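What the coordinates show
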Amino acid sequence: MTHDLVLRVEDLRVTHPGPVTALDGLSFELAAGQVLGLVGESGSGKSAAALALLGLHRGTRTRVEGGILLHRADRPVLDLNQAGDAELRTVRGPELAMVFQEPLTSLDPYRRVGAQIAAAYRLHTGASRAEARQRTAEVLDRVGIDPKRARDYPHQFSGGMRQRVLIAMALALRPRVLVADEPTTALDVTVQAQILRLLDELRQETGMALVLVSHDVGVVGGLADEVVVLRQGRAVERGATARLLGRPEHPYTQALLRAVPRLDAPLPERQAPAADDVLVETAGLRVDFGSVQALRGVDLTVRRGETLGVVGESGSGKSTLGRALVRLQDPTSGTVRFDGQDLASWRGRELRRRRHELQMVFQDPTSSLNPRRLIGDSVAEPLRVHGGRDEAKLRAEAVALLERVGLDAAHADRYPHELSGGQRQRAAIARALILRPKLVVCDEPVSALDVTTQAQVVSLLRELREEFELTLVFIAHDLAVVRSVSDRVAVMRKGEVVETLAAAELTRPQHEYTRALLDAVPRLDAVTAG
Amino acid sequence: MIRFLLRRLLGAAAVLLALAALTYLLFYAMPGDPAQLACGKGCTAPQLAQVRHALGTDQPVVRQFWTFLTTLVLGHSFSTGPSTVWCSAPCLGYSYQSNEAVTQMLLDRLPVDVSLALGSAALWLLLGIGTGLFAALKPGRWRDRITNTVILTLGSTPVFVMALLLLMGACVWLQVLPFPNYVPITEDPVQWAQNLLLPWLAIALVSAAGYTRLTRAGVLETLNQDHIRTLRAYGYPERRIVLRHAVRGALPTVVTVAAMDIGMVLAGAVFTETMFGLPGLGKLAVESAGTVDLPVVCGITLLAGALIVVANTVADLLHAALDPRVRI
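Residues numbered from 1 in each chain as written. Chains lettered and ligands numbered in written order. Predicted model: local features only at pLDDT ≥ 70, side-chain atom pairs only at ≥ 80, totals over all residues.

The next subject is the overall build of chain A. In terms of helices and strands, chain A carries 20 helices and 20 strands. Taken over the C-alpha trace, chain A has a radius of gyration of 25 Å; the compact-globule value for 530 residues is 24 Å, and the two agree within 12%. By principal-axis analysis of the C-alpha atoms, chain A measures approximately 80 × 50 × 45 Å. When burial is assessed residue by residue, chain A has 48% of its 530 residues classed as buried. (Helix = DSSP H or I, 4+ residues; strand = E, 2+ residues; numbered from the N terminus. Rg over C-alpha atoms; globule rule 2.2 N^0.38 Å. Buried ≥ 20, exposed ≤ 12 C-beta atoms within 10 Å, placed from the backbone.)

Encoded structure:
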């Protein structure tokens, strides 16, 4: 491996209009083949930094200061921040390429993927169509996509495959630096592991340097040589990966690492609910969407007062199962029995009267709260629907619950966009609880949140379930999070439950699929030990 | 695809049936007796009864409607005194006023509206997409604002005012064009285009505003999308991004709206035809409604309905062709 300097960043500052300082003086050096990890929570300035490296803030009202010095053999050093637009364009692609967080939307939906790769390649190399086609086939093959699929459109690929296409697009031009901004955040653990492995292989083969931006210390830890921890635009700590993750010095880094859910963390003592007191029971539950079988016969019991975790990759049917449990989705066949009654038998008035016993908390609090209503109104709305008329009383109840979930009365008079992601999810939980439900299904309630916020929301749910005597179904793709809240965990795959086991047994599964899921989880200990 | 078209066809039949029934009902709710009008002044009671019988208006409404439908689908023989005429399907009957076959009347006038619609659509698309792009290249800047102002002013001008201005300007003051007088394209294509230029312009100038805004909004929205950021990250020049990629995002909507607008013009542009004296469907519709000429009005309504249904279907097909994610 060579150690030629490729990129030197000096005192990089990014200021959004306001002015809001997004990045307050970041410096680093990057040699060929080296991997730099930028870690931080949302708002830490890590994405602003990534975009600034390629000059992608140009044309917006965001200001970028500092030096981004690109070192090239036999040519003078180029400061990308000072370079003209035309010169910068020649660098984007062949020198610095980027892979984005949103693989689903980062490809042009109207063009075939092969054409998109070929167009970028031809733009910089002036290659003929045939040569570009040849190169496209090569790189697609290299990232593990059948070159025949070059003629398919982006929507015909899964998220992980689209990320591979984007990596192939970068690879085609043999860039010297690849900036990957949260490249796996939108993907499942198993797919995440594949993509990270691919990036590492490509780095070794081509000698490209990698800037890996992520909120997930585990993701960065497995790949980076050096890590910079960002907080509110400032680098609070930096160092070799093993040292930084093994012996973090800065309190913020320590807190960040503590918040990462771990599969080997001790489980809190908890009285297991009685096995014979069943609240929900599904029998042969099937749900078809057209020709797609989302659920293929699920038999599951949820005991009164327990928390049942549901894990699985996207498309495994876990969300459909959650919706069926609260009667947001009618089964194609099979039954869901709640408190001894078939849910399908609830109709008309009966359904309206008892609906409140089943509640749901959704993944994305931004879209599940009405953006044009005050938080307090949204939280009190279920009471109104169920006949509440005394506005003063409704408000008092909403405020009391908001305070219980860790917000305060002032939040009741704000709009969702004025709250942080964690605060919004707290409000959504308050809304679900205001009708005193018996069963709450949480569908990926923390996957849109930072690790520290995630830990707070999880511990809130733990407290609330005792206080409100809740039965929880906790759906998530993150095994460590699920393990930390659940009494039992159901593992789903392709519309079926492959096994159900006690949370303490999750790390010793019977089924090979569960083992594969566990193996895909990035481990911090492996890094720090090595 | 086949299923989609079949479903559309069934839907169209239902819509047209309802349209015909509605037109019939409206006519019977209206004052005025077509027989009286056809018979003229100084019509005696026996004569009136005879005319009623000849027109079929002495039958109950439902019976008349049924005859209308069977005539349309199967054809019908009409006896006018001694001679009998066979009117083959699709037969819409004969005008109460001129005794011409309605189907033929419509066929005579349809080319006018087809010429009008296609010509003006070409112009308004050119104008609308062009100005929309021009505005979107530098949003919020002077040229965006000026384009917006001009286009909005044009767009809020009633088409008959626009027609008058064009006529006054081109034919009276500048005298660069003769007063329009429709010439079929089959007779003389140059004359055809020259005479239709002003009507085309009148419709296009008024309609372009919508397309400017659709294009501008579509392009600006697409420019904010993630896949455009990917293009920027690969060093695509901004002009190419706007002209090739962002336009692509605006196109499906523009084309869909255009197909429906073309359907509307095809079905009769009453004001434009009247102002420029074009013998089209719109003008015929107004005249026939005035003289309570039920078969003609019914024929035009049905044809207009059919054209709009076809335009909508074409719009859906185009949308699917332009967006690979849409499947029908």
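Residue and element names in this part refer to chain B. Structurally, chain B comprises domain 1 (32–91) and domain 2 (104–322). Once you take the C-alpha centre of each, domain 1 and domain 2 turn out to be 40 Å apart. Residue composition of the side of domain 1 that touches domain 2, grouped by class: three nonpolar, one polar and no charged. (Domains from an automatic or database assignment. Nonpolar A, V, L, I, M, F, W, Y, C, P; charged D, E, K, R; others polar.)

Moving on, we get to the packing of helix α5 (residues 159–172) of chain A against helix α6 (residues 189–206) of chain A. Residues and elements named next belong to chain A. As a packed pair, α5 and α6 sit with axes 10 Å apart at the nearest point and diverge in direction by 10°. Comparing the axis directions of α5 and α6 gives the class roughly parallel. Side by side, α5 and α6 meet where G160, Q163, I167 and L171 of the first sit next to V191, Q194, I195, L198 and L202 of the second. For the contact of α5 with α6, the per-class residue count stands at six nonpolar, three polar and no charged. (Axes fitted to C-alpha atoms, helices over the stretch in contact; angles between N-to-C directions. Parallel < 35°, antiparallel > 145°, perpendicular 65-115°, else oblique. Contact = placed C-beta atoms within 7 Å.)

Right, let's talk about the packing of helix α7 (residues 159–173) of chain B against helix α8 (residues 189–223) of chain B for a bit. Residues and elements named next belong to chain B. Between α7 and α8, the shortest axis-to-axis distance is 9 Å and the interhelical angle comes to 135°. What the angle tells us is that α7 and α8 run oblique. Classified by chirality, the crossing of α8 by α7 is right-handed. Of the residues in α8, those in contact with V159, M162, A163, L166, L167 and A170 of α7 are L198, L201, A202, I203, L205 and V206. Counted by class, the contact of α7 with α8 contains twelve nonpolar, no polar and no charged residues. (Left-handed = near helix turned anticlockwise from the far one by under 90°.)

Bringing the domain arrangement of chain A into the picture now. Residues and elements named next belong to chain A. Domain annotation of chain A identifies domain 1 (5–106 + 176–258) and domain 2 (278–370 + 438–529). Computed over C-alpha atoms only, the centres of domain 1 and domain 2 are separated by 35 Å. Among the secondary structure elements, those contributing two or more residues to the side of domain 1 that touches domain 2 are α6, α7 (217–223), α8 (241–246) and α9 (251–259). With five residues, the top contributor of residues to the side of domain 1 that touches domain 2 is α7. Split by residue class, the side of domain 1 that touches domain 2 holds eight nonpolar, nine polar and two charged.

Turning next to the interface of chain B and chain A. At the junction of the two partners, chain B supplies 16 residues and chain A supplies 20 residues. Ranked by residues supplied to the side of chain B that touches chain A, first place goes to helix α9 (residues 226–233) of chain B with six residues.

This brings us to the confidence of the model for chain B. All names here are of chain B. Across chain B, pLDDT averages 86, with 98% of residues at or above 70. Least confident of the elements in chain B is strand β1 (residues 76–80), whose mean pLDDT is 71; most confident is α9, at 93. For this predicted complex, the interface score ipTM comes out at 0.79, alongside a pTM of 0.80. (pLDDT = per-residue confidence, 0-100.)

All right, on to the nonpolar core then. Core analysis: the biggest nonpolar cluster contains 233 residues, and A168 and V211 of chain A have the highest contact counts within it. It is α8 of chain B that provides the largest number of residues to this core, a total of 13 residues. Those residues in contact with V211 of chain A that sit more than four places away from it in its chain are L30, L36, L38, A50, L53, V177, V179 and A180 of chain A. (Core = buried A, V, L, I, M, F, W, Y, C linked by C-beta atoms within 7 Å.)

Turning to helix α16 (residues 421–433) of chain A, a few remarks are in order. All names here are of chain A. Look at α16: 19 Å from first C-alpha to last across 13 residues, which is about the 18 Å you get at 1.5 Å a residue. Buried residues dominate α16, accounting for twelve of its 13 residues. Taken as a whole, α16 has its buried residues at G422, Q423, R424, Q425, R426, A427, A428, I429, A430, R431, A432 and L433. (Expected span 1.5 Å × (residues − 1).)

Residues and elements named next belong to chain A. If you trace the six strands from one edge of the open sheet to the other, you get β16-β17-β18-β13-β19-β20, paired in mixed fashion. What marks the edges here is a single partner per strand, and that holds for β16 (358–361) and β20 (496–502). Direction aside, the axes of adjacent strands within the sheet are offset by 20° on average. Of the strand pairs in this sheet, strand β13 (residues 307–311) and strand β19 (residues 488–493) are connected by four bridges, and their pairing is parallel. (Pairing = 2+ DSSP bridges.)

Turning our eyes to something else, we now look at the sheet that holds strand β7 (residues 177–181) of chain A. All names here are of chain A. Reading across from one edge, β6-β7-β8-β3-β9-β10 is the order of the six strands in this open sheet, with mixed pairing throughout. In the strand order of this sheet, the two ends are held by β6 (96–99) and β10 (234–240), each with one partner. Here the strands of the sheet are splayed against their neighbours by 15° on average, with no regard to which way each runs. α9 contacts β9 (226–231) and β10 of the sheet and is inclined by roughly 100° relative to β9.

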